[in-house]
Amino acid sequence: QVQLVESGGRLVQAGGSLRLSCAASGRTISSYAMAWFRQAPGKEREFVATISAGGGSTHYADSVKGRFTISRANAKNTVYLQMNSLKPEDAAVYYCAASSRSSAASFEYSYAYWGQGTQVTVSS
């Protein structure tokens, strides 16, 4: 019922910044926890960040903590991922996901809706 479309992925130099957007349609996401996952070539998909429905709680993977920030604008039905101090190992396809629950979660099975992904490339 919820469609998600990611945007903002591009080529950036190591140390640079980038903001990804996830636009939702079909229904409001104000009661859904949201998250970002990523998958690099030859690697498993991994959790990046999650935010509760109201935006009051966030959690991050250790690898991005202190560098990435997840936020949401429920009035715009949009979720963001601000990425700073990018490293080559951050290069991956980034996916946005929506949970049927309101509490933040870091497990893939918690998310029922997924976008098609946006490519982030980091040059060293």
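The text that follows walks through the structure, step by step, so that each part is easy to find. Residue numbering note: each chain is counted from 1, following its sequence as written. Confidence filtering applies because this is a predicted model: local features only for residues at pLDDT of at least 70, side-chain atom pairs given and counted only at 80 or more, and all residues used for totals across whole chains, interfaces and linings. Note that the side-chain values use all heavy atoms of the structure and ignore hydrogens as well as water.

Only DSSP runs of H or I covering at least 4 residues are called helices, and only runs of E covering at least 2 are called strands; the numbering of each starts at the N terminus. Of note, Thr-118 is situated in strand β11 (residues 118–123). The cut-offs for exposure are 20% and 50% of the maximum accessible area for each residue type, with area from a 1.4 Å probe on protein chains only; residues under the lower value are buried, those over the upper are exposed, and the others partly exposed. Since its relative accessible area comes to 8%, Thr-118 is described here as buried. Contacts are assigned to residue pairs with any non-hydrogen atoms lying within 4.5 Å of each other. If near-sequence neighbours (up to four positions away) are discounted, Thr-118 is found in contact with Glu-6, Ser-7, Gly-8, Gly-9, Leu-20, Ala-92, Val-93 and Tyr-94.

Quick look at the state of the cysteines now. Cysteine sulfurs are considered disulfide-paired once they come within 2.5 Å of each other. For the structure on display, the rule yields one disulfide. Between Cys-22 and Cys-96 runs a disulfide, and the two sulfur atoms are separated by 2.0 Å. Between Cys-22 and Cys-96 the sulfur-sulfur dihedral comes to about -80°; the bridge is accordingly left-handed. Highlighted residues: Cys-22 in strand β3 (residues 18–25) and Cys-96 in strand β9 (residues 92–99), separated in sequence by 74 residues. With a relative accessible area of 0%, Cys-96 lands in the buried category.

On to the pattern of salt bridges. Salt-bridge detection follows one rule: a side-chain nitrogen of Lys or Arg within 4 Å of a carboxyl oxygen of Asp or Glu. Counting across every chain of the model gives five salt bridges. Ionic pairing is found between Arg-38 and Glu-46, a salt bridge with its closest N-O pair at 2.7 Å. When its relative accessible area of 5% is taken as the criterion, Arg-38 is described as buried. For the salt bridge of Lys-65 with Asp-62, the shortest nitrogen-to-oxygen distance reads 3.2 Å. Judged by relative accessible area, Asp-62 falls into the exposed class, the value being 68%. Where salt bridges share partners, they join Arg-38, Glu-46, Arg-67 and Asp-90 into one cluster.

For strand β8 (residues 78–83), the tally of buried residues reaches five of six residues, placing the bulk of the element in the interior. Bridging between β3 and β8 involves six bridges; their strand directions are antiparallel. From the neighbouring strand, Ser-21 faces β8, where its bridge partner is Tyr-80. Between any two strands, at least two bridges found by DSSP are needed for them to pair. Sheet analysis places strand β7 (residues 68–73) next to β8, joined by six bridges and oriented antiparallel. Across the sheet, residue Arg-72 finds its bridge partner in β8, namely Val-79. Between β7 and β8, which pair antiparallel in sequence order, lie four residues; one of them, Asn-77, sits at a positive phi of approximately 55°.

On to the packing of aromatic side chains. Classification of ring pairs rests on two measures: the distance between centres of Phe, Tyr or Trp rings, Trp counted by its six-membered ring, which must be within 6.5 Å, and the angle between planes, read as stacked under 30 degrees, edge-to-face over 60 and tilted in between. Considering all chains together, one arrives at six aromatic pairs under this definition. Between Tyr-111 and Trp-114 the ring centres are 6.5 Å apart and the planes differ by 75°, which places this aromatic pair in the edge-to-face class. Following the ring pairs from residue to residue traces out a cluster consisting of Phe-37, Phe-47, Tyr-111 and Trp-114. Two limits define a charge over a ring: the Lys NZ or Arg CZ must be within 6 Å of the ring centre, and within 35 degrees of the ring normal. The residue whose ring lies beneath Arg-45 is Tyr-95, and the NZ or CZ to ring-centre distance is 6.0 Å.

Nothing here speaks to function; it is geometry throughout.
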